[in-house]
Amino acid sequence: MSKRCLSIWFPYLLTDWLTIRHQHLRDLPLVVVTTLQGRQVIRSANPLAVQSGIQVGMVLADAKAFLPTLKVVEEEVQWTNKLLQSIGYWCIRFAPLVSVDETNLGLLLDISGCAHLWGGESEYLNHISAKFEKRGYQVKFGLADTFGAAWAIARFAPTMSIVPVGEQVHMLSDMPPQALRIPIALVDKLHKLGLKTIGQFASMNRSVLRRRFGDQLLLRMAQAFGQEEEWLIPLIPPIPYEERLPCMEPISTAQGIEIALLKLLENLCLRLNNEGKGLRKATLKAYRIDGKLEKVRVQTSRATARIEHVMKLFALRIPDIEPALGIELFVLSAEKVEDMDAMQETIWEQHTGLADPTVAELVDKLKNRSVHCTVARFLPDTHYWPERAVRLANSLSEKNTIGWQSSRPRPARLLPQPTLISVTAPIPDYPPMLFHYQGAVHAIRKADGPERIEREWWLEDGEHRDYYQVEDEQGKRYWLYRLGHYGAEHEVKWYLHGFFA
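Conventions used here
Residues numbered from 1 in each chain as written. Predicted model: local features only at pLDDT ≥ 70, side-chain atom pairs only at ≥ 80, totals over all residues. Heavy atoms only, no water. Helix = DSSP H or I, 4+ residues; strand = E, 2+ residues; numbered from the N terminus. Pairing = 2+ DSSP bridges. Axes fitted to C-alpha atoms, helices over the stretch in contact; angles between N-to-C directions. Contact = heavy atoms within 4.5 Å. 1 Å grid on protein atoms, 1.4 Å probe; cavity = no way out; pocket = protein on both sides within 12 Å on 5 of 7 lines; lining within 4 Å. Points joined across faces, edges and corners; volume = space filled by probe spheres on them. Nonpolar A, V, L, I, M, F, W, Y, C, P; charged D, E, K, R; others polar. pLDDT = per-residue confidence, 0-100. Salt bridge = Lys/Arg side-chain N within 4 Å of Asp/Glu carboxyl O. Buried < 20%, exposed > 50% of the residue type's maximum accessible area, 1.4 Å probe, protein only. Disulfide = S-S within 2.5 Å. Phe/Tyr/Trp six-rings, centres within 6.5 Å; stacked < 30°, edge-to-face > 60°. Lys NZ or Arg CZ within 6 Å of the ring centre and 35° of its normal.

Visitor: Is there a simple way to think about the environment of E133 in this case?
Guide: Mapped onto the elements, E133 comes out in helix α5 (residues 121-135). Sequence separation of E133 and I182 is 49 residues, and the distance between their C-alpha atoms is 30 Å.

Visitor: In this structure, what is going on with the sheet that holds strand β9 (residues 277-288)? I would like to understand it.
Guide: Within a sheet, neighbouring strands are paired by backbone hydrogen bonds and run either parallel or antiparallel to one another. An order of β8-β11-β9-β10 is seen for the 4 strands of this open sheet, with the pairing classed as antiparallel. Lying at the two open borders of the sheet, with one neighbouring strand each, are β8 (242-251) and β10 (293-304). Strand-to-strand twist in this sheet, taken as the mean axis angle between neighbours without regard to direction, amounts to 15 degrees. When β9 meets strand β11 (residues 327-339), the two strands line up antiparallel, connected through 11 bridges. Within β11, the position partnered with R288 by the bridge is I327. Where helix α12 (residues 254-274) meets the sheet, it contacts β8, β9 and β11, and its direction lies at approximately 160 degrees from that of β8.

Visitor: Before we go on, may I ask you to explain empty space enclosed by the protein in this structure?
Guide: The gaps of empty space that remain are located by a probe, the size of a water molecule, rolled over the atoms. The tally for this structure, following the rule as stated, stands at 1 cavity of 30 Å³ or more. If you go around the largest cavity, the residues you meet are I92, P96, I236, P237, P238, I239, E242, R244, K285, Y287 and V331. Listing elements by their share of the lining of the largest cavity, those giving two or more residues are β8 and β9. Looking at side-chain class alone, the lining of the largest cavity contains 8 nonpolar, no polar and 3 charged residues.

Visitor: Explain the confidence of the model for the protein here, please?
Guide: Keep in mind that low pLDDT regions are not for reading the predicted coordinates in detail. Confidence in the prediction for the protein averages 87 pLDDT; 93% of positions are at 70 or higher. When pLDDT is averaged over each element of the protein, strand β1 (residues 5-9) comes out on top at 95 and helix α14 (residues 357-369) at the bottom at 69.

Visitor: Please explain the pattern of salt bridges as it appears in this structure.
Guide: Side chains that carry opposite charge are capable of pairing whenever their charged atoms lie near each other. Counting across every chain of the model gives 24 salt bridges. With a shortest N-O distance of 3.0 Å, R181 and E230 are connected by a salt bridge. With R181 in the loop between α7 (168-172) and α8 (184-192) and E230 in the loop between α11 (215-225) and β8, this residue pair connects regions lying 49 residues apart in the sequence. You'll find R181 and E230 in the same group, each marked buried.

Visitor: What am I meant to see in the state of the cysteines here?
Guide: Each disulfide consists of a covalent bond between the sulfur atoms of two cysteine residues. In this structure the tally under the stated criterion is 0 disulfides. Between C91, a free cysteine, and C114, which holds the nearest cysteine sulfur, the sulfur-to-sulfur gap is 12 Å. Look at C91 and you get buried, because its relative accessible area is 0%. With no disulfide of its own, C247 lies closest to C114 among cysteine sulfurs, the gap being 15 Å.

Visitor: Quick question: what am I supposed to make of the packing of aromatic side chains here?
Guide: Each pair of aromatic rings is reported with the distance of its centres and the angle of its planes. Per the stated rule, a full pass over the model turns up 16 aromatic pairs. Measuring from centroid to centroid gives 5.2 Å for W17 and W79, while their planes differ by 75 degrees, and the two rings are edge-to-face. In this pair, W17 is assigned in helix α1 (residues 13-21) and W79 in helix α4 (residues 79-91), connecting sequence segments 62 residues apart. What makes W17 buried here is its relative accessible area of 18%. Arranged with centres 5.3 Å apart and planes meeting at 80 degrees, the rings of W90 and F94 form a pair that is edge-to-face. For F94, a relative accessible area of 1% gives the class buried. Through a chain of ring-to-ring contacts, three or more aromatic side chains come together here, namely F10, W90, F94, W118, Y124, F132 and Y137. One cation-aromatic arrangement involves R477 over F500; the distance from NZ or CZ to the ring centre is 4.6 Å.

Rendered as structure tokens:
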């Protein structure tokens, strides 16, 4: 697949934007001015002003002298940059890599592999042109193998906007030197030597050109001709695993969204499977014809490329998409991807534990069904103190580094903080006979203990705990402890720390 580059030039960017916002300016000669070295200079002019002889770069006082009816608007800080960035983000629906060319009032797009989605390059440009025209912007296009050639075609070619593959050198030969994006001083120097077109010096010896004009001319020529790669700074870094699906007709039904999503998943999961990878986080973006963006996201507990499973997760999120008047483009991106090892199946092994993919799929369904659902897995930690004896696992596949403490049973879940309770207990080291918790009295029928757990002195100071496993008259089991020793000088405190199943 050959590289194809698109340059979009907005010759009347600021005035078009003002006319869109204020329709009464449409029939007036309009300019936007900025202050340079203490003088007001015209930054942008609409077609009516240009037809009257107004040019970009002209001093405002001179322009007003022969066109008193000229409507003047002062440019605010970062107007051009903010406007181009806003348009650039909107253009991501046409190509994944979009860069802003603020100095030259344009955008540069890497459209390699995109045009066929609209039926070819001509249909692709017609589609984009119609979108801009509908929004009130006048644009010129240049499409070629290099960004330099595309930039030149957009600004200096009278009619041609699409350069056939490999024809950029021929197309540029009749253009002026400024089509190479070189400084004005260098253009003047070339003109003084009688070099009015690129073709007049393109075939000259490189050492001669370098000695007379420096390295910048050679660099711009090499980039425009495709002899040296040119890299752009994209508005949004492209995602390696991304699939795009434009729609011939706007889609506004849930069934249509599901069909589009399934096609995208088939292509994306095929790529992931071929590379031995699986997705952990994926986002579906739906670009509406009114310019707004709808997106939903799913996450998985383990890397997966199984279409049916990911489709079921997205099906839970499709009702959150508001198609409004219709969706014209779908983009599915795998934002987080991990290596995925194929699981070895065995006939004699029936219990795979957490390695069973159905366990991860169940967790994914629970977590994606509601944003408030949390599924946690705990592993033993190298501590005796109950609050530190377990830790939260990072994933389902994380392995135990130590074994579970099995000599003494522990509650499946501890309370976030031990709860202070009132207890009736006989002599020291005996379990309590009853305790009060949440307004109820629990008479203890069975008890086991005490189990003394000392504090980890290298981490903190404090008294030890004497734990008891108790069962009340209803058969419910609790984990209680007494803090410290009995003593006449202080009050003994009892706490409830957890519940047994």
